[in-house]
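Descriptive analysis of the structure
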Amino acid sequence: GTPRRSKQDPVSNYHRHVSGWKGNGFLSLQSPHARSSTCAASPAPPTREAPRRRPPSDFVVPTSKRRDDVVWETRIRMKAMRDGLHAASNGGPLAPRRSRSHAPNTFVVPTEKRRDS
């Protein structure tokens, strides 16, 4: 293959790094004792008491609650309204309000370019 330049050659990079590491006692691969002096073992953290659990709640999830009374009351109200509207169309007590009758539009476009002529 093609010869590699020394900057890209992995073997020459390794030897360059090893020579740099030998000069620094912290990075040195040869003296593992030098590293252990800098990494002193920290004492174990004090044991904490386990947090006390709260008693279980008596909360019931809304989706699991039965709402029969609400459903029944809503049905009764809707039926009463429906029956009331039928009675109102016959002149009963719940007669709907009558809307105002609309007058025909008498607006005249204020321009000389009329489309209808």
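Residues numbered from 1 in each chain as written. Predicted model: local features only at pLDDT ≥ 70, side-chain atom pairs only at ≥ 80, totals over all residues. Heavy atoms only, no water.

Another aspect to go through is the overall build of the protein. Secondary structure summary: the protein contains three helices and zero strands in total. Listed by position from the N terminus, the elements making up the protein come as α-α-α. (Helix = DSSP H or I, 4+ residues; strand = E, 2+ residues; numbered from the N terminus.)

Another point: the pattern of salt bridges. Under the definition given, this model contains three salt bridges. Among the ionic pairs, Arg66 bridges to Asp68, the shortest N-O distance being 2.9 Å. Glu73 is the salt-bridge partner of Arg77, the closest N and O atoms lying 3.1 Å from each other. Here Arg77 and its partner Glu73 are both found in helix H3 (residues 68–89), four residues apart, which amounts to about one turn of the helix. (Salt bridge = Lys/Arg side-chain N within 4 Å of Asp/Glu carboxyl O.)

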